Amino acid sequence: MTLWPTLRKAAVLASVPVFLTACDPMLSIQGSFWPAWIICILAGLAASMVLMWQLVRYRLAPHLGPPLLIAPSLWALCTFAIWLLFYST
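A quick note: this is a predicted structure, and the numbers were derived from the prediction, not measured. All chains use their own residue numbering, which begins from 1 and follows the written sequence. Residue-level local features of this predicted model are given only where pLDDT is at least 70; pairs of side-chain atoms are given and counted only at 80 or more, and the full residue set underlies all totals for whole chains, interfaces and linings. Calculated side-chain values reflect all of the structure's heavy atoms, with hydrogen atoms and water omitted.

J.: Account for the overall build of the protein, naming residues and giving values.
T.: Along its length, the protein carries three helices and two strands. Working definition: helices are DSSP H or I runs of at least four residues, strands are E runs of at least two. Numbering for both runs from the N terminus. Of the regular secondary structure in the protein, the N- to C-terminal order runs α-β-β-α-α. The accessible surface values rely on the Shrake-Rupley method and a 1.4 Å probe; as for residues, cover is taken only from the protein chains in view. Entry remark: accessible area of the protein is about 7,400 Å², with carbon and sulfur atoms responsible for 77%.

J.: Describe the environment of Phe-80, naming the residues involved and giving the relevant values.
T.: Looking at the secondary structure, you find Phe-80 in helix α3 (residues 67-87). Burial classification: accessible surface area is computed with a 1.4 Å probe over protein chains only, and a residue below 20% of its type maximum counts as buried, one above 50% as exposed, and the rest as partly exposed. What makes Phe-80 exposed here is its relative accessible area of 55%. Between the alpha carbons of Phe-80 and Cys-40 there is a distance of 7.7 Å; along the sequence they are 40 residues apart.

J.: I'd like to hear about a nonpolar patch on the surface, residue by residue, with values.
T.: Patch membership is restricted to residues that have no salt bridge and whose relative accessible area is over 30%. Joining uses 9 Å for like charges and 5 Å for the nonpolar side chains Val, Leu, Ile, Met, Phe, Trp and Tyr. The salt bridge definition used is simple: a Lys or Arg side-chain nitrogen within 4 Å of an Asp or Glu carboxyl oxygen. A cluster of nonpolar side chains, contributed by Trp-37, Ile-41, Leu-42, Leu-45, Met-49 and Trp-75, occupies part of the molecular surface with about 570 Å² of accessible area. Among the elements that line the nonpolar patch, the one with the most residues is helix α2 (residues 36-57), at five residues.

J.: Tell me about the environment of Cys-40, residues and numbers included.
T.: Structurally, the position occupied by Cys-40 is in helix α2. Judged by its relative accessible area of 2%, Cys-40 falls in the buried class. It only takes one pair of heavy atoms within 4.5 Å for two residues to be counted as in contact. Ignoring sequence-local partners within four residues, the contact set of Cys-40 consists of Thr-79, Ile-82, Trp-83 and Tyr-87.

J.: Describe α3, and please don't skip the residues or the numbers.
T.: A helix is expected to span 1.5 Å for every residue after the first. Across its 21 residues, α3 extends 29 Å between first and last C-alpha, which sits within 8% of the 30 Å expected from 1.5 Å per residue. Where α3 is concerned, the buried positions are Leu-74, Cys-78, Thr-79 and Ile-82. Summarising the axial view, the buried residues of α3 lie within an arc of 130°, below the 170-degree limit, and thus occupy one face. For α3, the exposed residues set more than 90 degrees away from the buried face come down to Leu-68, Leu-69, Leu-77, Phe-80 and Leu-84. What the arc covers is the set of directions going from the helix axis to the C-beta atoms.

J.: Please give an account of unusual backbone geometry that cites residues and values.
T.: Note: most peptide bonds trans; most residues except glycine with negative phi. Despite not being glycine, Arg-59 has its phi angle at roughly 60°, a positive value. Tracing the chain through its elements places Arg-59 in the loop between α2 and α3.

J.: Lay out the packing of α2 against α3 in plain terms, naming residues and giving numbers.
T.: Note on geometry: axes are C-alpha line fits, over the in-contact stretch for helices, and angles between N-to-C directions span 0 to 180 degrees. At their nearest, the axes of α2 and α3 sit 7 Å apart, and the two run at 130° to each other. When the axes of α2 and α3 are compared, the pair comes out oblique. Both α2 and α3 take part in a crossing whose hand is right-handed. Where α2 approaches α3, its residues Ala-36, Trp-37, Cys-40, Ile-41, Ala-43, Gly-44, Leu-45, Ala-47, Ser-48, Leu-51, Met-52 and Leu-55 are matched on the opposing element by Ile-70, Leu-74, Trp-75, Cys-78, Thr-79, Ile-82, Trp-83 and Tyr-87. Only Asp, Glu, Lys and Arg are considered charged in this grouping, and only Ala, Val, Leu, Ile, Met, Phe, Trp, Tyr, Cys and Pro are considered nonpolar; every other residue, Gly among them, is considered polar. Counted by class, the contact of α2 with α3 contains 17 nonpolar, three polar and no charged residues. Throughout this description, any angle smaller than 35 degrees is read as roughly parallel, any larger than 145 degrees as roughly antiparallel, any in the 65 to 115 degree range as roughly perpendicular, and the remainder as oblique. Left-handed is the label given to a crossing in which the near helix is rotated counterclockwise from the far helix by less than a right angle, and right-handed is the label when the rotation is clockwise.

Given below as structure tokens:
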């Protein structure tokens, strides 16, 4: 009997993102509206390139693992961090 409230709470928490999908902030850049996630992806790409350059510069990149795994992971980390920093409410 104690499992039912836990499942109900999990179902409510899982359904919340479905109803919030239309709450995307829009940015006006030179008169055209851009979704904020596009700006975050581009800023995350730039930030990850700078961070990867620093890792190569300080000779830390070979110690991290395969670059095909590290570079996209660093890009995702930067993108999500920028989103949380500027657009979380």
